[in-house]
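Observations on the model geometry
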Amino acid sequence: MVRSNSVRLRYGRFVRWQAALALNRVCIAGLSHAKPGGDVRRWLIEVNQAAKQQTFVGTMVVQSGSDMVSAKIWHIDHGAQTYERVDLLSGEPHTTMRQGDLVFGVDHTAKLVRQERTSDLGLFPAVLGSAGYNVGQHYVMQSLSAQRVAGRDTVGVALQAKDLWRHSYRIWRDKRSGLVLQWQTVSSHSGAVLEQVAYSDIVVAGGVDFAAMQAWQRVPANYAVVVKDALKVQPSSLGWTQRAPVAGFEAGAVSKPQINGQAVEGAPAQWVFSDGLASASLFVEPSSARGARQPSAVHLGATASVSASVPPMWVTAVGEVPVATLRALLGSVQFNGQLPHNKPMEP
């Protein structure tokens, strides 16, 4: 499961790195001059908000463990609306298109478009939630040496984790435009770079035309379209409680997936936890949904996955956090409710 979720997270990372609304994924954001030891939350909010008036086109490369994925990205802001397109250049052909808070995932092999509305459009979406107010308790800002990225001079900032429950981050921004050109996720335990996202080339303030972008945003006529959504509920309404918080990771709502307005039978519910910067999810389903399974723990780059039984449910924890953090989250929750009466998922 970690590999499929890692790919999903990387698709999202491409979209995030390109445009920020107040929340889904940075999206290439202009950063103010950070000072060592400064206000981490205020700086992260500035990152989320700073890309709104930027226009650019570039090639981004994600290195995660031994895997590498690249994509071409076009981003433009027209009036109060943000438009972008992300074409994967590696693996199966896939396009992500964005119009404001509408995101379209285009699977060219299956000729299928998955449409969803999301407000999660910043590099640091969690900082705008309640957990964001405590993010400064878990990270400290430090200056990094300047370096060149995609042929452009940059300045660097580190968000150094204060403990081993979370990873650290290094971010370099373009001196002239303020755009984030490189991002590294670093193990707080070993200091190794677990994942890197960087531009290999970028053209700022040009390279993309609004009329052309509108034409590129059209869904092909022969593609099927499904509308993805999620019903958000409180964990207690489903019988879940958390005995104690884990290292500052605050529990959020549980999302139950829907397709075309209908619940997806047997699909795992997703319970999100965040420290204001990093996040992890618990995917919950009945233990009988897929037959007998054994607990497991794997990781790929910055993404880890741990699966275990939380009777009578089976829970898979996934996130860009250390395995120990996922194990602690699994051990902190308990189920006291009634089993759902959904049909089991097909293997």
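Residues numbered from 1 in each chain as written. Predicted model: local features only at pLDDT ≥ 70, side-chain atom pairs only at ≥ 80, totals over all residues. Heavy atoms only, no water.

So, on to the overall build of the chain. Counting secondary structure elements, the chain contains four helices and 22 strands. The burial tally for the chain puts 50% of its 347 residues in the buried class. Considering only intrachain contacts with a sequence separation of at least 6, the fraction spanning at least 24 residues in the chain is 56%. Carbon and sulfur atoms form 52% of the exposed surface of the chain, whose accessible area is close to 15600 Å². (Helix = DSSP H or I, 4+ residues; strand = E, 2+ residues; numbered from the N terminus. Buried < 20%, exposed > 50% of the residue type's maximum accessible area, 1.4 Å probe, protein only. Contact = heavy atoms within 4.5 Å. Areas by Shrake-Rupley, 256 points an atom, 1.4 Å probe, with all protein chains shown as cover.)

Inspection of every chain in the model, using the stated rule, returns nine salt bridges. With a shortest N-O distance of 3.1 Å, aspartate 87 and arginine 85 are connected by a salt bridge. Arginine 85 matches aspartate 87 in its accessibility class, with the two residues each being buried. Linked through salt bridges whose partners overlap, the residues forming this network are Asp163, Arg166 and Asp275. (Salt bridge = Lys/Arg side-chain N within 4 Å of Asp/Glu carboxyl O.)

With that out of the way, let us pick up the side chain of threonine 154. Assignment of secondary structure puts threonine 154 in strand β9 (residues 152-161). There is a polar contact of 2.5 Å between the side chain of threonine 154 and the backbone oxygen of glutamine 147. Once residues within four sequence positions are removed from consideration, threonine 154 is found in contact with Ala146, Gln147, Val149, Trp172, Arg173, Asp174, Lys175 and Leu181. (Polar contact = N/O pair within 3.5 Å; in protein donor to acceptor, adjacent residues only side chain to side chain.)

With 53 residues, the main nonpolar core has Leu159, Trp240 and Leu282 as its most contacted residues. Considering every element that reaches this core, the biggest residue donor is strand β20 (residues 303-310), with four residues. The contacts of leucine 159, once residues within four sequence positions are left out, are Val40, Trp43, Leu44, Tyr139, Val140, Met141, Ser168, Tyr169, Ile171 and Leu277. By size, the runner-up hydrophobic cluster in this structure holds seven residues, among which are Val57, Trp74, Tyr83 and Met213. (Core = buried A, V, L, I, M, F, W, Y, C linked by side-chain atoms within 4.5 Å.)

With that settled, consider the packing of aromatic side chains. A complete count under the given rule lists seven aromatic pairs for this structure. When the ring of tryptophan 240 is compared with that of phenylalanine 335, the centres are 5.2 Å apart and the planes differ by 55°; the resulting orientation is tilted. Within this pair, whereas tryptophan 240 is found in strand β14 (residues 240-242), its partner phenylalanine 335 is found in strand β22 (residues 333-335), the two being separated by 95 residues in sequence. With respect to class, tryptophan 240 is no different from phenylalanine 335; both count as buried. When the ring of tryptophan 271 is compared with that of phenylalanine 273, the centres are 4.9 Å apart and the planes differ by 45°; the resulting orientation is tilted. Taken as a pair, tryptophan 271 and phenylalanine 273 share a single burial class, namely buried. What links up through ring pairs into an aromatic cluster is the set Trp240, Trp271, Phe273 and Phe335. (Phe/Tyr/Trp six-rings, centres within 6.5 Å; stacked < 30°, edge-to-face > 60°.)

What follows deals with the pairing of strand β1 (residues 56-64). Counting buried residues in β1 gives seven out of nine residues, a clear majority hidden from the surface. The pairing of β1 with strand β2 (residues 67-78) spans nine bridges and is classified as antiparallel. Bridge pairing in β2 places phenylalanine 56 opposite histidine 75. Both β1 and strand β12 (residues 193-204) contribute to a ladder of nine bridges, which runs antiparallel. Bridging from a neighbouring strand, serine 64 pairs with glutamate 195 of β12. (Pairing = 2+ DSSP bridges.)

A few words now on helix α4 (residues 323-332). Restricting attention to buried positions, one finds in α4 the residues Thr325, Leu326, Leu329, Leu330 and Ser332. The buried residues of α4 occupy an angular sector of 165° when projected down its axis, which confines them to one face. On its buried side, α4 packs onto β14, β17 (269-274), β18 (279-286), β20, β21 (313-319) and β22. (Arc of directions from axis to C-beta.)

Across the junction of proline 311 and proline 312, the peptide omega takes the value 0°, indicating a cis bond. Despite not being glycine, asparagine 260 has its phi angle at roughly 50°, a positive value. Note on placement: asparagine 260 falls in the loop between β15 (250-259) and β16 (262-263).

A few words now on the confidence of the model for the chain. Residues at a pLDDT of 70 or more form 79% of the chain, whose mean pLDDT is 82. Here residues 1-34 is a poorly scored stretch, pLDDT under 50, and it has 154 contacts once near neighbours within four places are set aside; other chains count. Confidence drops under pLDDT 50 across residues 342-347; counting only partners more than four residues distant or on other chains, this segment forms 14 contacts. (pLDDT = per-residue confidence, 0-100.)

Structurally, the position occupied by serine 305 is in strand β20. A sequence separation of 13 residues divides serine 305 from valine 318, and the C-alpha atoms of the two residues are 4.5 Å apart.

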